[in-house]
Amino acid sequence: MATTKTDPKLALTANGAKKSKLYEGLTRDQLIQAYRLIYTSRRIDDREILLKRQQKIYFQMSGAGHEGIGVAAGLALKAGYDWFYPYYRDRALCLALGVKPYDMFLQGVGAADDPSSGGRQMPSHWSYPSLHIVTQSSPTGSQILQAIGCAEGGRYLARHPKSAEIPAGSADYRQFKNVSFQGDEVTYVSLGDGTSSEGEFWEAMNAAALGKLPVIFCVEDNGYAISVPVEVQTAGGSISRLVSGFPNFHFEEVDGTDPVASYAAFHRATRYCREGHGPAFVHAHVIRPYSHSLSDDERLYRPDAERERDAQRDPVTRTQMFLLREGILDEKGINQLEKEVEAELQIAVDRALEALPPAPESITRFVYSPDLDPASSAFDTQAVVPELPADGKKPAGKTMADLITTTLRDEMKRDERIVIFGEDVADCSREEYLKRKLVKGKGGVFKLTFGLQNEFGNDRVFNAPLAEAAIVGRATGMATRGLKPVVEIQFFDYIWPAMMQIRDELSVIRWRSNNGFSCPVVIRVAIGGYLTGGAIYHSQCGESVFTHIPGLRVVFPSNSQDAAGLLRTAIRCDDPVLFLEHKRLYRESFGRAAYPGPDYMIPFGKAKVVQPGTDLTVITYGAVVPRALQAAQKLEREQGVKVELIDLRCLNPFDWDTIAESVSKTNRALVAYEDTLSWGYGAEIAARIADQLFDKLDAPVRRVAAKDVFVAYQPILEDAILPQPNDLFLAMKELSEY
Ligand SMILES: Cc1ncc(C[n+]2csc(CCOP(=O)(O)OP(=O)(O)O)c2C)c(N)n1
Ligand SMILES: [Mg+2]
């Protein structure tokens, strides 16, 4: 650990430098360029504010007061080489990395040609793939864990360079990823002082320290988070003090309004990271002269004296004074530079105001991969039918658990970009125990990843800290770099800390960046009840919460063969997938099957008709499939009613054609699902049937689902809460008699 603190009082001293001297390594030309960028950044803010007042743009977020540290970071790091996860105040950084003012104005007007998002995101939400500026969102701090994953991805690729190659004939997501990496690249991530209160920040600090990752955290501390001052936000008022105990870090605390001191700090931090010592933390004290945003008036909570004190540290005037004092530019030179900037901005504004808006028809482009459709026939392959053994006896089928493990193993062999991590998924983190054969290894609480670390090494299969947001956020960053993380959330009931990452990041990165970035992660999740004692926190469903998210594929197999085929599609496809594995079905005798071979895939959105029928359609999935089958068989035995049973298998996309065809034939539909009844997944199916097949119906659409309560521990209560075969039987009977 190393700490360097630059005394803010020493700001902008040139150390008595002569004209030929460097200023903390910066040449006079670089300093002039720094001023040009700082001034440009501020004037873009001013122009945007004017445009907003004229209602020519729709939102404004300024980088004012943060220009010094931004330019310094941009000078110390390399665009298109290092990786950047900036936040909305990083206008000057983006300019320093090569973003053009015109591009920024295109964001403001929401133009089709806005390179960050094509008019989908607010301005100051930077995304420039060729510069390695990764798309950012509005939730404060959700970029930080992704930066960790990005750095991990870069390191993995450097250690496994062959994984970056695309083997001939591999028709999967790899064809559509430009993978690049440098051995000594650095990942930059920035955030405000207030954002350092987010849990994800601390998860990221921990992960960076644990992995000794080359990440520079830059906290741009302007003393406020909207109206909340730092001493209310950060215990003791100093984030530097709070993080000082993290091991493996290099720490800097600097006056971020001083570009020279900031450059020196960044230079040291960058060197530390490039040399592989670990992460760095730059705490930059900056100011916020333009209130939080145009919707905020800081005079409501900051007295004039405080604001005037800040104004004296304004990076624009300070840098200008510095250039004058050092004789780097005279007044005429400053005027000339400023005039050039004004002229450039005028041209940029005029052009941007003429730019075309995006076409309304384009709204659904890039919700999913435009290149690879997992519902297409490319993912439709035949299962290998095993030869019967000599004795002619059919071998016992494999469980869903077996075939998921086998599929993971097959795919890991085929694709070196696959990494598996999560809680307890490794065989044994203390590798020497495995090597010395002192232990057998765990491989997941359900043992589905058992043996994979042993076989593929702990670079590829490893335990993550107990932090679900970090699991998904890191995976997202890795996938952005071209890896294929297949991560595990141990229980669906504990997926919620990752919800911000899933809904606001993973699912929408492709769309919001207008296809600039993508992150096709697979999240495997153990889900569901019927466990006899699983209770509230080991029995939840809730799939409709996720099918409600545009951009996320949701799969829910009910048997071994489907699990294998769908998991392979999930891994090879180019979209993020939530792969729901019902715990009760892992080792059930229902639905066991022979190994369908290493290339068996099932396209998404293709239901399976489990049993054909003519009198009533039952639409279901997951653990309700065997229960509904039992009920349907009883109904046929007792009443001669022939139920057509449809297992959806995939919930987004779902197979409307099969439903429509069946209901058109039977004229009766029952939707059955394990989740709570109201607002559940089946409600949508029922609504669509009512809407689009109304003419075909001879009876109302019915639903059978869990009661609208959580699952209780006592088995008598669990039985009463979750849909049972008898509930299904009665509903089918009643509907068939309607
Ligand atoms: C998760 C989340 N919560 C709340 C907000 C609303 N919000 C936007 S910026 C902001 C304050 C951020 O303060 P700080 O991190 O200090 O950054 P600064 O704006 O001061 O640079 C808040 C509360 C948000 N965008 N995201
Ligand atoms: Mg702040």
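Heads up: the structure comes first, above all this text.
Notes on the structure in this doc start here.

Analysis parameters
- Residues numbered from 1 in each chain as written.
- Chains lettered and ligands numbered in written order.
- Predicted model: local features only at pLDDT ≥ 70, side-chain atom pairs only at ≥ 80, totals over all residues.
- Heavy atoms only, no water.
- 1 Å grid on protein atoms, 1.4 Å probe; cavity = no way out; pocket = protein on both sides within 12 Å on 5 of 7 lines; lining within 4 Å.
- Points joined across faces, edges and corners; volume = space filled by probe spheres on them.
- Helix = DSSP H or I, 4+ residues; strand = E, 2+ residues; numbered from the N terminus.
- Nonpolar A, V, L, I, M, F, W, Y, C, P; charged D, E, K, R; others polar.
- Pairing = 2+ DSSP bridges.
- Axes fitted to C-alpha atoms, helices over the stretch in contact; angles between N-to-C directions.
- Donors = N, O, S within 2.8 Å, 3.2 Å for Na, K, Ca; no water.
- Buried < 20%, exposed > 50% of the residue type's maximum accessible area, 1.4 Å probe, protein only.
- Parallel < 35°, antiparallel > 145°, perpendicular 65-115°, else oblique.
- Left-handed = near helix turned anticlockwise from the far one by under 90°.
- Contact = heavy atoms within 4.5 Å.
- Near = heavy atom within 4 Å.
- Polar contact = N/O pair within 3.5 Å; in protein donor to acceptor, adjacent residues only side chain to side chain.
- Areas by Shrake-Rupley, 256 points an atom, 1.4 Å probe, with all protein chains shown as cover.
- Patch = residues over 30% accessible without salt bridge, like charges linked within 9 Å, V, L, I, M, F, W, Y side chains within 5 Å.
- Salt bridge = Lys/Arg side-chain N within 4 Å of Asp/Glu carboxyl O.

A closer look at the layout of surface pockets
For step 1, the next point in the chain: By volume, the largest pocket is sized at about 580 Å³.
For step 2, the next point in the chain: Lining of the largest pocket is provided by 22 residues; of these, E152, R155, N458, F462 and R474 occupy positions nearest its centre.
For step 3, the next point in the chain: For the lining of the largest pocket, the elements supplying multiple residues, two or more each, are α5 (144-159), α6 (199-211), β10 (461-463) and α16 (468-480).
For step 4, the next point in the chain: For the lining of the largest pocket, the residue count by class is eleven nonpolar, six polar and five charged.

Structural notes on the sheet that holds strand β17 (residues 643-647)
For step 1, the next point in the chain: Pairing is mixed across the open sheet formed by five strands, whose spatial order is β15-β17-β16-β19-β20. Each end of this open sheet is capped by a strand with a single partner; those strands are β15 (608-611) and β20 (702-706). Taken pair by pair, the neighbouring strands of this sheet meet at an average axis angle of 25°, ignoring direction.
For step 2, the next point in the chain: When β15 meets β17, the two strands line up antiparallel, connected through three bridges. Across the sheet, residue K608 finds its bridge partner in β17, namely D647.

Observations concerning the coordination of the magnesium ion (ligand 2)
For step 1, the next point in the chain: Within the protein, the magnesium ion (ligand 2) binds to D193 (OD), N222 (OD1) and Y224 (O); these donor distances fall in the range 2.0 to 2.1 Å.
For step 2, the next point in the chain: Taking the relative accessible area as the measure of exposure, N222 reaches 6% and is therefore buried.

Some words on the packing of α5 against α16
For step 1, the next point in the chain: Two elements in contact, α5 and α16, have axes separated by 6 Å at closest approach and are oriented at 50°. With respect to their mutual orientation, α5 and α16 come out oblique. Both α5 and α16 take part in a crossing whose hand is right-handed. Here L145, Q146, I148, G149, C150, E152 and G153 of α5 lie close against α16, whose contacting residues are A469, A470, G473, R474, T476, G477 and M478.
For step 2, the next point in the chain: For the contact of α5 with α16, the class distribution of residues is six nonpolar, six polar and two charged.

A word on the site of ligand 1
For step 1, the next point in the chain: In the vicinity of ligand 1 there are 18 residues, among which Y87, Y88, R89, T195 and Y224 approach most closely.
For step 2, the next point in the chain: The separation between a nitrogen atom of ligand 1 and a polar main-chain atom of S138 is 2.9 Å.
For step 3, the next point in the chain: Surface burial for ligand 1 is 74%, taken as the share of its 580 Å² of free accessible area covered by protein chains.

Details of helix α11 (residues 315-325)
For step 1, the next point in the chain: For α11, every residue scored as buried is listed here: P315, V316, R318, T319, Q320, F322 and L323.
For step 2, the next point in the chain: Buried residues along α11 sit against α1 (28-53), α2 (67-76), β7 (250-255), α9 (259-274) and α12 (331-354).
For step 3, the next point in the chain: Two or three places before V316, at the opening of α11, D314 has a side-chain oxygen 2.8 Å from that residue's backbone nitrogen.
For step 4, the next point in the chain: Just past α11, the residue G327 takes up positive phi, approximately 70°.

Examining the environment of V189
For step 1, the next point in the chain: With respect to the helices and strands, the residue V189 is situated in strand β3 (residues 187-192).
For step 2, the next point in the chain: The class for V189 is buried, based on a relative accessible area of 0%.
For step 3, the next point in the chain: Along the backbone, V189 and W83 are 106 residues apart, and their C-alpha atoms lie at a distance of 8.6 Å.
For step 4, the next point in the chain: Residues in contact with V189, not counting those within four places in the same chain, are Y85, Q143, I144, A147, V215, I216, F217 and C218.

Some thoughts on a nonpolar patch on the surface
For step 1, the next point in the chain: Taken together, the side chains of I536, Y537 and F710 present a nonpolar region at the surface, about 320 Å² in accessible area.
For step 2, the next point in the chain: Inspection of the secondary structure assignment puts F710 in the loop between β20 and α24 (715-721).
For step 3, the next point in the chain: Since its relative accessible area comes to 55%, F710 is described here as exposed.

Some words on empty space enclosed by the protein
For step 1, the next point in the chain: Counted by the stated rule, this structure contains three cavities of 30 Å³ or more.
For step 2, the next point in the chain: Partitioned by chemical class, the residues of the lining of the largest cavity number four nonpolar, nine polar and no charged.
For step 3, the next point in the chain: Estimated volume of the second largest cavity: approximately 50 Å³.
For step 4, the next point in the chain: Lining the second largest cavity, in full, are V367, L506, S507, R510, S518, C519, P520, G551, D574, D575 and P576.

Considering the packing of α1 against α2
For step 1, the next point in the chain: At a minimum axis separation of 10 Å, α1 and α2 run at an interaxial angle of 130°. Judged on the interaxial angle alone, α2 and α1 are oblique. Helix-helix and strand crossings are classified by hand; for α1 and α2 the assignment is right-handed. Across from A34, L37, I38, S41 and R42 in α1, the residues of α2 making contact are E67, G68, V71 and L75.
For step 2, the next point in the chain: Residue classes in the contact of α1 with α2 are distributed as five nonpolar, two polar and two charged.

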